[in-house]
Number of protein chains: 2
Amino acid sequence: MKNIVDFNLLAKAVRGLSVPRPTSGTLSGHAAGEPFDKAVYSKLQEQYPGIVFRQYEYLNFLYRRHLNAVGVEAKNKLFDSPTVLFLLSRGKDATNRWSVSSPFEEKQNDTADILAVQDNFFNLIDVKTRNLDKKAQPPNIISSYKLAQLCATMLDNEDFNSFTIDYFEVDWRLAGNDLVCESAHHANLFRIDPSTLYINWAAAMQVQFHVDECDQSFAGQGCQWAKEYLRHFVKQAKERAQYMINQFVTPFLKYVD
Amino acid sequence: MKNIVDFNLLAKAVRGLSVPRPTSGTLSGHAAGEPFDKAVYSKLQEQYPGIVFRQYEYLNFLYRRHLNAVGVEAKNKLFDSPTVLFLLSRGKDATNRWSVSSPFEEKQNDTADILAVQDNFFNLIDVKTRNLDKKAQPPNIISSYKLAQLCATMLDNEDFNSFTIDYFEVDWRLAGNDLVCESAHHANLFRIDPSTLYINWAAAMQVQFHVDECDQSFAGQGCQWAKEYLRHFVKQAKERAQYMINQFVTPFLKYVD
């Protein structure tokens, strides 16, 4: 599978990097690691000048270059790949409201933190940060349902070679008033055996894993990955529905008559 | 239904109260309203001296007064009500590890923020805070599953009069460098028609509502409430299981062969 970003090179550039400790005081979860997300973005912009964007920046860039594409239908046609369209575009109303003077801003549930775009190929990159001094639950990776819709779109359109999705983990530790990156890890979503993905149904159906603990052994094509993921998702959803009956219905039936 | 705390009196005492703006900078969610949780606790301690506790404080208080109750079984017997035991106690291991020199500390998933305890009756109180300048989703109230287990325990033990659960909402607005409480609302869980409770299955199965928008029309006894809640919970769980099949299984079967 082709790709744009060399993640070994990126890991080399990021290892040893330090950022100022956030002023908020706590070093919990999201807020603490955020400066590293920005730092990774800067490094990528240095390494791949002109082709690295935040997701919203890319949409603003694309729509500004095609001001003649008015309205959501015309704007959607600016994407060659229906799958990339599904992954990157905003909702219908938001897209209709877009204008040069009121462009998109960053949105928390955008699919990717960062995009690298070259020759109509999209490398979606999500940055995960991890405090090495805390034992943390695996982070949310992507909605398992969104991923199922993605796979269905790929299969419906035989659209397997227009994008890929990578996760990049920055492991840091507090050192004085700085957070220092001690190690960095990378995983490509489509190299993970889909049947090993853990879906946390009670946590917004999110796929969850630590990037550095990820299987990377899947050697099949995108088409196979999509089919195997859907098989896994359907099986998990069925099992969860049955679990709900066993756990939340059956034990309480005697009180309900 | 009897109760300890007069929530109209409490609302009067809290309305107009101001607390310093948190230093963290953002005014989002939990962190911003937290000083009001502490303020409500202080007011209750003034109004009901000697009988108001944080949940973990009550456990420490109880276990310190009964040092002869060694181990989890003996400690559990300090509770007359099996339902109150279910609601307030920590896990088996944590309870076995408890000692005067290593007492319990506050835990995020304790059932109640505050307890008022009188004549072996327990008033569990949860404080919810709301920024009036933001449109927010209804907050997490309690796990719908924990509530089902609670109702089953009540029915199994015919234990309906040893406790009640109240929610107290503090509505605030930023004014200069202070957060000012503009209004306060109260709802008793067992006055809400249980069949109206919204369960967000994807958000850790939490019951969610805004305290000030809550129905308070239920006039039945605890026994009726518990039965009607269980009927509602079982129905909702069945519907959710069926929804999962319709939404996450059926549409994808054609890809799975």
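As the structure is a computational prediction, the values presented were derived from the model and not from experiment.

Enquirer: Mind showing me how you'd approach the interface of chain B and chain A here?
Expert: One widely used convention gives an interface's size as the accessible area the parts lose upon coming together. In this complex, chain B contributes 31 residues to the contact, which on the side of chain A involves 31 residues. In total, chain B and chain A occlude about 2700 Å² of area from one another, counting both sides; carbon and sulfur atoms represent 76% of this. Of all residues in chain B, B:F248, B:F252 and B:Y255 bury the most surface against chain A, accounting for 24% of the area lost on that side. If you look at where chain B meets chain A, you find zero salt bridges. Across the chain B-chain A interface, the total number found is six residue pairs in polar contact (both at pLDDT 80 or more). Of all the secondary structure elements, the ones that give two or more residues to the side of chain B that touches chain A are α7 (144–157), α8 (222–249) and α9 (253–256) of chain B. With 14 residues, the top contributor of residues to the side of chain B that touches chain A is α8(B).

Enquirer: I tried to follow the pairing of strand β3 (residues 114–118) of chain B on my own but got confused; where do I start?
Expert: All names here are of chain B. Across the five residues that make up β3, a large majority, four, are buried. Pairing of strand β2 (residues 52–54) with β3, which is carried by three bridges, proceeds in the antiparallel orientation. Each bridged residue has a counterpart across the sheet, and for F53 the counterpart in β3 is L115. As defined by bridge partners, β3 adjoins strand β4 (residues 121–131) across five bridges and the pair is classed as antiparallel. Residue Q118 lies in a different strand from β4, and its bridge partner there is F121. Counting the residues between successive antiparallel strands, the hairpin from β3 to β4 contains two residues, one of them, D119, with a positive phi of roughly 50 degrees.

Enquirer: Would you explain the side chain of A:S81 in this entry?
Expert: Residue and element names in this part refer to chain A. Structurally, the position occupied by S81 is in the loop between α4 (71–76) and α5 (82–88). Judged by relative accessible area, S81 falls into the buried class, the value being 8%. At 2.9 Å, the side chain of S81 and the backbone nitrogen of V84 are in polar contact. At 3.0 Å, the side chain of S81 and the side chain of S162 are in polar contact.

Enquirer: Explain the packing of helix α7 (residues 144–156) of chain A against helix α8 (residues 222–249) of chain A here, please?
Expert: Each pair of packed helices can be summarised by the angle the axes make with each other and by the distance between the axes. Residue and element names in this part refer to chain A. At a minimum axis separation of 9 Å, α7 and α8 run at an interaxial angle of 140 degrees. The pairing of α7 with α8 is recorded here as oblique in orientation. Considering only the axes of α7 and α8, their crossing is left-handed. From α7, S144, Y145, L147, A148, C151, A152, M154 and L155 reach across to α8, where they touch G222, C223, W225, A226, K227, Y229, L230 and F233. Its residues assigned to classes, the contact of α7 with α8 shows 13 nonpolar, two polar and one charged.

Enquirer: Which parts of the structure should I look at to understand the side chain of B:T153?
Expert: Residue and element names in this part refer to chain B. Checked against the element boundaries, T153 lands in helix α7. Of the polar contacts made by the side chain of T153, one reaches the backbone oxygen of Q149; its length is 2.7 Å. T153 has contacts with P82 and T83, leaving out every residue within four places of it along the chain.

Enquirer: Mind showing me how you'd approach the nonpolar core here?
Expert: Formed by 118 residues in total, the largest nonpolar core has its most connected members in A:F163, A:Y229, B:F163 and B:Y229. Every residue in contact with B:Y229, bar those within four places of it in the chain, is listed here: B:S144, B:L147, B:A148, B:C151, B:P194, B:L197, B:I199 and B:V207.

Enquirer: I tried to follow the environment of B:V5 on my own but got confused; where do I start?
Expert: All names here are of chain B. In this fold, V5 is placed in the segment before α1 (7–14). For the pair V5 and Q247, spaced 242 residues apart in the sequence, the C-alpha separation amounts to 45 Å. Those residues in contact with V5 that sit more than four places away from it in its chain are L44, Y48, A116, N123 and I125.

Enquirer: Sorry, what's going on with the packing of aromatic side chains here?
Expert: Geometrically, a pair of aromatic rings is defined through the distance of the ring centres and the angle of the planes. What the rule picks out here adds up to 38 aromatic pairs over all chains. A centroid spacing of 5.7 Å and a plane angle of 85 degrees characterise the contact between A:F252 and B:F233, whose relative ring orientation is edge-to-face. Within this pair, whereas A:F252 is found in the loop between α8 and α9 (253–256), its partner B:F233 is found in helix α8, the two belonging to separate chains. Taken individually, A:F252 and B:F233 each receive the classification buried, so the pair is uniform in this respect. With centroids separated by 6.2 Å and ring planes inclined at 35 degrees, the aromatic side chains of B:F7 and B:F168 adopt a geometry described as tilted. Placement of B:F7 in helix α1 and of B:F168 in strand β6 (residues 163–175) is noted, with a sequence separation of 161 residues between them.

Enquirer: Is there a simple way to explain the relation of the copies chain B and chain A in this structure?
Expert: Between chain B and chain A, the superposition needs a rotation of 180 degrees and an axial shift of 0.0 Å, giving an RMSD of 0.0 Å. Here the transformation between the copies is reduced to the relation of a two-fold axis. Of all interface residues in chain B, 100% are interface residues in chain A too; the two copies therefore contact each other through one and the same surface.

Enquirer: Even after reading the chapter, I still don't get α1(B), so can you show me in this structure?
Expert: A turn of α-helix holds 3.6 residues, and therefore any two residues three or four places apart point the same way. Residue and element names in this part refer to chain B. Every buried residue of α1 is listed here: F7, L10, A11 and V14. Taken around the axis of α1, the buried residues stretch over an arc of 100 degrees, which confines them to a single face. Across α1 from its buried face, at more than 90 degrees, point the exposed residues N8 and K12. Regarding α1, its N-cap is D6, as a side-chain oxygen of that residue lies 3.0 Å from the backbone nitrogen of N8 further along. Following α1 by one or two positions, G16 adopts a phi angle in the positive range, close to 90 degrees.

Enquirer: Quick question: what am I supposed to make of unusual backbone geometry here?
Expert: Most peptide bonds are trans, and most residues other than glycine sit at a negative phi. Its identity as a non-glycine residue notwithstanding, A:A204 has a phi of 55 degrees, on the positive side. Along the chain, A:A204 turns up in the loop between β8 (198–200) and β9 (206–208).

Reading the values: rules and limits
- Here, residues in each chain are numbered from 1, in the same order as that chain's written sequence.
- For this description, chains carry letters from A and ligands carry numbers from 1, given in the order in which they are written.
- With pLDDT at 70 or above as the cut-off, local features in this predicted model cover only qualifying residues; side-chain atom pairs require 80 or more to be listed or tallied, and sums for whole chains, interfaces and linings still use all residues.
- Processing note: side-chain calculations cover all non-hydrogen atoms of the structure and skip hydrogens and water entirely.
- In what follows, residue pairs with any heavy atoms lying within 4.5 Å of each other are defined as contacts.
- Accessible area, probed at 1.4 Å, shrinks when two parts are joined; the buried area is that loss added up over both.
- Salt bridge, as used here: a side-chain nitrogen of Lys or Arg that lies within 4 Å of a carboxyl oxygen of Asp or Glu.
- As used in this structure description, the phrase polar contact means that two N or O atoms lie within 3.5 Å; if the pair is within protein, one of them must be able to donate a hydrogen and the other to accept it, and residues adjacent in sequence are counted only when both atoms belong to side chains.
- Helix and strand labels come from DSSP, where a helix needs a run of H or I of at least four residues and a strand needs a run of E of at least two; each type is numbered from the N terminus.
- The cut-offs for exposure are 20% and 50% of the maximum accessible area for each residue type, with area from a 1.4 Å probe on protein chains only; residues under the lower value are buried, those over the upper are exposed, and the others partly exposed.
- Between any two strands, at least two bridges found by DSSP are needed for them to pair.
- Lines fitted to C-alpha atoms define the axes here, with helix axes fitted over just the stretch in contact, and angles between the N-to-C directions of these axes take values from 0 to 180 degrees.
- An angle below 35 degrees is read as roughly parallel, one above 145 as roughly antiparallel, one from 65 to 115 as roughly perpendicular, and any other as oblique.
- Whether a crossing is left-handed or right-handed is set by the direction in which the near helix is turned from the far one by less than a right angle, anticlockwise for left-handed and clockwise for right-handed.
- Each residue is assigned to one class: nonpolar for Ala, Val, Leu, Ile, Met, Phe, Trp, Tyr, Cys and Pro, charged for Asp, Glu, Lys and Arg, and polar for all the others, Gly among them.
- Definition of nonpolar core: a set of buried residues of the types Ala, Val, Leu, Ile, Met, Phe, Trp, Tyr and Cys, connected through side-chain atoms within 4.5 Å.
- Stacked, tilted and edge-to-face are the three classes assigned to paired rings of Phe, Tyr and Trp, where Trp is represented by its six-membered ring and a pair needs centres within 6.5 Å; plane angles under 30 degrees give stacked, over 60 edge-to-face, the rest tilted.
- Residues below a pLDDT of 70 in either copy are left out; the C-alpha atoms of the rest, at least 70 in both, set the least-squares superposition of the copies.
- Directions pointing from the helix axis toward each C-beta atom define the arc.

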